[in-house]
Amino acid sequence: MYVADLGKAEERKKLVSAAEKAHGPISLLVNNAGISGGGTVDQLEQAEMERIMHLNYTSTVLLTQSIYQTMKQRKDGAIVNVASLSGLRGTYGGTAYAASKFALIGFTHSMAVEAIEHGVRVNAVCPGYVDTEMGRASAQRTADREHRSVSEVVKGSIPSGRMTTSREVANTIAFLLTDAAENIVGESVKLSGGSVLR
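What counts and how
Residues numbered from 1 in each chain as written. Predicted model: local features only at pLDDT ≥ 70, side-chain atom pairs only at ≥ 80, totals over all residues. Heavy atoms only, no water. Axes fitted to C-alpha atoms, helices over the stretch in contact; angles between N-to-C directions. Helix = DSSP H or I, 4+ residues; strand = E, 2+ residues; numbered from the N terminus. Left-handed = near helix turned anticlockwise from the far one by under 90°. Contact = heavy atoms within 4.5 Å. Nonpolar A, V, L, I, M, F, W, Y, C, P; charged D, E, K, R; others polar. 1 Å grid on protein atoms, 1.4 Å probe; cavity = no way out; pocket = protein on both sides within 12 Å on 5 of 7 lines; lining within 4 Å. Points joined across faces, edges and corners; volume = space filled by probe spheres on them. Buried < 20%, exposed > 50% of the residue type's maximum accessible area, 1.4 Å probe, protein only. Expected span 1.5 Å × (residues − 1). Arc of directions from axis to C-beta.

(A) Local environment of the packing of helix α1 (residues 9-23) against helix α2 (residues 46-74). Where α1 contacts α2, the two axes come as close as 10 Å, and the packing angle between them is 35°. Relative to α2, α1 is oriented so that their crossing is right-handed. Residues R12, V16 and E20 of α1 form the contact with α2, whose participating residues are S59, L62, L63, S66, I67 and T70. Of the residues in the contact of α1 with α2, the class split is four nonpolar, three polar and two charged.

In structure tokens:
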């Protein structure tokens, strides 16, 4: 395993080089780096907005760009960007985060129509609350704001009555990387437990 700060160009370059040295040309890419944060519009600070946008969007585009050239030459590859339901609809206090995920979905859609001409599929997954530290913290912020328990927030906003598991997210990503999904192009696959139906 190679750990890298994807916000830094030199570390992205080292990550790609280490992966190619260990495994050969990269044909599958999952962009899963991301951070939450921000706040309501009146609370936002420029540095925080730029930090969120840089990691959630800009560094993803730049990493993808460096790997895509090889995929394009080989006419083979699949890319999955981990976005969010917040990239499909706004959320209270999520202005900066949602903007970064909307940008990531726009990138996914645009790159998908370019890349498929070269045999490279690009899609996104859009989880809602995932049962991870980040997901639980997000649910807790909503619960605090609404003076409810996390359980009440989850059961009241998700028809399935529970958070998505990280395994379910991983399984969806794995499917999108396989040949079974070879004609799924430019999609934003929701993992919402029925909370977002459109």
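(B) Region of the structure containing the side chain of T64. Turning to its location among the elements, T64 is positioned in helix α2. Aside from chain neighbours lying at most four places away, what touches T64 is L29, N31, I79, F107 and M111.

(C) The arrangement of the layout of surface pockets in detail. Roughly 1200 Å³ of volume is contained in the largest pocket. Along the wall of the largest pocket there are 46 residues; nearest its centre are S84, Y97, G128, Y129 and S138. Listing elements by their share of the lining of the largest pocket, those giving two or more residues are α3 (95-115), α4 (133-146), α5 (150-157) and α6 (166-177). Here the lining of the largest pocket takes seven residues from α4, the largest share from any one element. The volume enclosed by the second largest pocket comes to roughly 320 Å³. Together, 15 residues line the second largest pocket, and L15, A19, H23, I26 and L28 are the ones closest to its centre. Looking at the lining of the second largest pocket, the elements with two or more residues in it are α1, β1 (28-31) and α2. Here the lining of the second largest pocket gets six residues from one element, more than from any other, and that element is α1. By residue class, the composition of the lining of the second largest pocket is 13 nonpolar, two polar and no charged.

(D) Just unusual backbone geometry, in detail. Look at K75: it is not a glycine, yet its phi comes out positive at around 55°. The residue K75 is located in the loop between α2 and β2 (77-82) in this model. The exposure class assigned to K75 is exposed, which follows from its relative accessible area of 53%. If you check the backbone angles, H147 has positive phi at about 55° while not being a glycine. Relative to the elements of secondary structure, H147 occurs in the loop between α4 and α5.

(E) Structural context of α4. End to end, α4 covers 20 Å across 14 residues, agreeing with the expected 20 Å (1.5 Å per residue, within 8%). Buried residues of α4: G135, A139, T142 and A143, and no others. Down the axis of α4, the buried side of the element spans an arc of 100°, and every buried residue falls inside it. Structurally, α4 contributes buried residues whose contacts are with α5. Positive backbone phi, at 55°, marks H147, one or two positions downstream of α4.

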